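# Fold and geometry: a report
These are the residues of each chain, in order.
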Amino acid sequence: MRQPRGEPGSAASPPAPRAAAGPPCAGAGGGSRGAEPQPPRGARRSMRRLRRLVHLVLFCPLSKGLQSRLPGIKVKYLFLAWLGVFVGSWVVYMHYSSYSELCRGHVCQMIICDQYKKGIISGSTCKDLCEEHTLVFQQCLSSSPSQQVYRGLWKEKEVIIKCGIEDAFKADSNPDAVPRRDLVLFDKPTRGTSMDEFREMLLNFLKANLGDQMSLAALVNQIITTADVNKDGKVSLAEAKSIWALLHLNEFLLMLSLHEKEHTSKLLGHCGDLYVTEKIPHNSLYGTNVPHFFQPLLPSAIHRIIHQWFAPAWPRRAKIAIGLLEFVEEIFHGTYGNFYICETSFKNVGYNDKYDFKMVNLRKVATEMTIRGFLKGRHCEQNVDCTYGKDCMATCDKLMKQCKSDMVQPNLAKVCGLLQDYLLYGAPFDMKEELQKQLQTCMTLSGLASQMEVHHSLVLNNLKTLLWKKISNTKYS
């Protein structure tokens, strides 16, 4: 007997038209193609389950009406999903490949301990690092393969461990091999050098790097005290080699030169040219940093919003800014000469739990003698050719085609540029206009430091006074 035409289930009936709204989201995802035979067990069943899962994730967020109006939306959605997977995989790959290149603390520790066991170097942390293992490398903070920086643990206290292994890489192309570093770095002083000769070595070194200052004799005594690890009043050859190597690290030299200042990290110990400093709780003006592997993916406006979200309250920011201005004042014609901040970035400055300013990265600060040595006889076509670091720019004598030795912009002008967004956001209404005016005046400072010392001090003091008046006699002071 013939079934009526078009009856459901009839063998002769045409397939039902596909629903315009697309396959349903609840259910198995078989959709409008009609019933299918039960799949066999094994690979085909697994593939079908995977297909259903992908269908639910990718297509179900779209309404049925939208799917009917935009039939190509599924393909676009799938393309964007795969693009996201690709970009995410690339970011993860780049992060971990750079990590293996930047983070070689094990190499640093192996080199240091090898020299210590040979008796070539000494230091207050050598025994803890190489024998008792109470000084432990933890999170890697390195930004350069030659400058190893780690968050560490020393006798259950959080510290920062810093070590340079540039000479190790030059000595041997294999980073896991122990190079002959004692012949490269720990070569002075030599056996037979007397204490008087070593003092003279130190004094000449400081004159070359800090200038001929009357106060250098006191700094020499401090260096000798730091080198004398066992406090026996004498400096052994291993102790002398270690402190001599450390002095050739710019940051260590500046830490000793600025040790009396409250705005620098405290030196806790050393071993060879590895040294340990206190950990600064907040290593950014804004209290947080976007991970470096995400930074290229985010526009500057997003960076600014994130910083504003995590920044301390305005009175606390004012207190931190006062500390930064005091630091600029301390290194301008300081006890051991002039120092210049050559990379003015919120990433290089931070604060402690009491919101007292701390300079996080002294490697971006240079002595006047260092910059003068860099500029001396340097060929140039324009001012940008006379730039030391990122921000220390001198003028170019376009007639002689050589760099002059005078900085175009003083530290204070660069710091005020850094503080502009930091202080104006959320500033009290009754002082915001005056604050903006003073910051603008500060940012326009230029010229020779010797010719503008009075103006420099006046602008700095006015800005400090304005901020301090607003937070004095409050809980934030």
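Residues numbered from 1 in each chain as written. Predicted model: local features only at pLDDT ≥ 70, side-chain atom pairs only at ≥ 80, totals over all residues. Heavy atoms only, no water.

Let us now look at the overall build of the chain. In terms of helices and strands, the chain carries 17 helices and 12 strands. Put simply, the chain has 477 residues, and 40% of those count as buried. Considering only residue pairs separated by 6 or more positions, the chain has 63% of its internal contacts joining residues 24 or more positions apart. Carbon and sulfur atoms form 55% of the exposed surface of the chain, whose accessible area is close to 26,600 Å². (Helix = DSSP H or I, 4+ residues; strand = E, 2+ residues; numbered from the N terminus. Buried < 20%, exposed > 50% of the residue type's maximum accessible area, 1.4 Å probe, protein only. Contact = heavy atoms within 4.5 Å. Areas by Shrake-Rupley, 256 points an atom, 1.4 Å probe, with all protein chains shown as cover.)

This brings us to the nonpolar core. Leu206, Leu285, Trp314, Leu412, Leu419, Leu435 and Leu467 are the most contacted members of the largest nonpolar core, which has 69 residues in total. No other element matches the 10 residues that helix 13 (residues 314–331) contributes to this core. When sequence neighbours within four positions are dropped, the list of residues in contact with Trp314 reads Leu423, Tyr425, Gly426, Ala427, Pro428, Met431, Leu435, Leu467, Lys470 and Ile471. If you look at the next biggest cluster of nonpolar residues, it comprises 23 residues, including Leu102, Cys126, Cys163 and Cys271. (Core = buried A, V, L, I, M, F, W, Y, C linked by side-chain atoms within 4.5 Å.)

Interhelical geometry of helix 13 versus helix 17 (residues 453–471) gives an angle of 155° and a closest axis separation of 10 Å. One finds that helix 13 runs roughly antiparallel with respect to helix 17. In this structure, helix 13 meets helix 17 at a crossing whose hand is left-handed. Residue-level inspection shows Trp314, Pro315, Ala318, Lys319, Ala321, Ile322, Leu325, Glu326, Val328 and Glu329 of helix 13 in contact with helix 17, the latter providing His456, Leu460, Asn461, Leu463, Lys464, Leu467, Trp468, Lys470 and Ile471. Here the residues of the contact of helix 13 with helix 17 sort into 12 nonpolar, two polar and five charged. (Axes fitted to C-alpha atoms, helices over the stretch in contact; angles between N-to-C directions. Parallel < 35°, antiparallel > 145°, perpendicular 65-115°, else oblique. Left-handed = near helix turned anticlockwise from the far one by under 90°. Nonpolar A, V, L, I, M, F, W, Y, C, P; charged D, E, K, R; others polar.)

The three strands are arranged 10-11-12 in an open sheet whose pairing can be described as antiparallel. With partners counted over all chains shown, the strands left at the sheet margins are strand 10 (387–388) and strand 12 (402–407), one partner each. Of the pairings in the sheet, the one linking strand 11 (residues 392–397) to strand 12 comprises three bridges and is antiparallel in character. Paired with Ala394 across the bridge in strand 12 is Met407. Across the sheet, helix 14 (residues 368–375) is in contact with strand 10, strand 11 and strand 12; its angle to strand 12 comes to roughly 165°. (Pairing = 2+ DSSP bridges.)

Under the criterion given, the structure shown has eight disulfides. Disulfide partner of Cys103: Cys140, at an S-S distance of 2.0 Å. Disulfide Cys103-Cys140: torsion about the S-S bond near -85°, hence left-handed. Here Cys140 lies in strand 1 (residues 135–140) and Cys103 lies in the loop between helix 3 (73–102) and helix 4 (105–117), a separation of 37 residues in the sequence. On the accessibility criterion, Cys103 (11% relative accessible area) is buried. Here Cys416 connects covalently by a disulfide to Cys442, the sulfurs 1.9 Å from one another. Between Cys416 and Cys442 the sulfur-sulfur dihedral comes to about 80°; the bridge is accordingly right-handed. Residue Cys416 is found in helix 15 (residues 411–424), and its partner Cys442 is found in helix 16 (residues 429–443); the two are separated by 26 residues along the sequence. The class of Cys442 is buried, set by a relative accessible area of 0%. (Disulfide = S-S within 2.5 Å.)

Here we have five strands laid out as an open sheet, ordered 1-2-3-5-4, and antiparallel in their pairing. Bordering the open sheet on either side are strand 1 and strand 4 (267–271), each of which pairs with just one other strand. This sheet shows a mean twist of 35° between the axes of neighbouring strands, independent of strand direction. Where strand 3 (residues 157–164) and strand 5 (residues 274–278) come together, four bridges link them in antiparallel fashion.

Further remarks concern the environment of Lys376. Among the secondary structure elements, Lys376 is positioned in the loop between helix 14 and strand 10. Given the relative accessible area of 74%, Lys376 is considered exposed. On a C-alpha basis, the gap between Lys376 and Cys403 in space is 6.9 Å, while along the polypeptide they are 27 residues apart.

What follows is about the confidence of the model for the chain. With 70% of its residues at a pLDDT of at least 70, the chain reaches an overall mean of 79. Per-residue pLDDT stays below 50 along residues 1–37; that stretch engages in 22 contacts with residues further than four places along the chain or on separate chains. Note that pLDDT drops below 50 for residues 167–183; the model gives that stretch 33 contacts with residues more than four away or on any other chain. (pLDDT = per-residue confidence, 0-100.)

The subject of this paragraph is the packing of aromatic side chains. Throughout the structure, instances matching the rule amount to eight aromatic pairs. When the ring of Phe137 is compared with that of Tyr150, the centres are 5.1 Å apart and the planes differ by 80°; the resulting orientation is edge-to-face. Remark: Tyr150 occurs in strand 2 (residues 147–154) and Phe137 occurs in strand 1; sequence separation between them is 13 residues. An identical accessibility class is assigned to Phe137 and Tyr150; each is buried. Ring geometry for Tyr286 against Tyr422: centres 5.3 Å apart, planes inclined by 85°, an arrangement best described as edge-to-face. (Phe/Tyr/Trp six-rings, centres within 6.5 Å; stacked < 30°, edge-to-face > 60°.)

What follows concerns the pattern of salt bridges. Inspection of the entire model under this criterion finds 13 salt bridges. One salt bridge connects Glu251 with Lys162, and the closest N-O pair in it is separated by 2.8 Å. Of this pair, Glu251 sits in helix 11 (residues 250–257) while Lys162 sits in strand 3, placing them 89 residues apart in sequence. For Lys162, a relative accessible area of 11% puts it in the buried group. Lys319 serves as the salt-bridge partner of Asp356, at 3.5 Å between the closest nitrogen and oxygen. Residue Asp356 is found in the loop between strand 7 (349–351) and strand 8 (357–359), and its partner Lys319 is found in helix 13; the two are separated by 37 residues along the sequence. Residue classification places Asp356 among the partly exposed residues on the basis of a relative accessible area of 28%. (Salt bridge = Lys/Arg side-chain N within 4 Å of Asp/Glu carboxyl O.)

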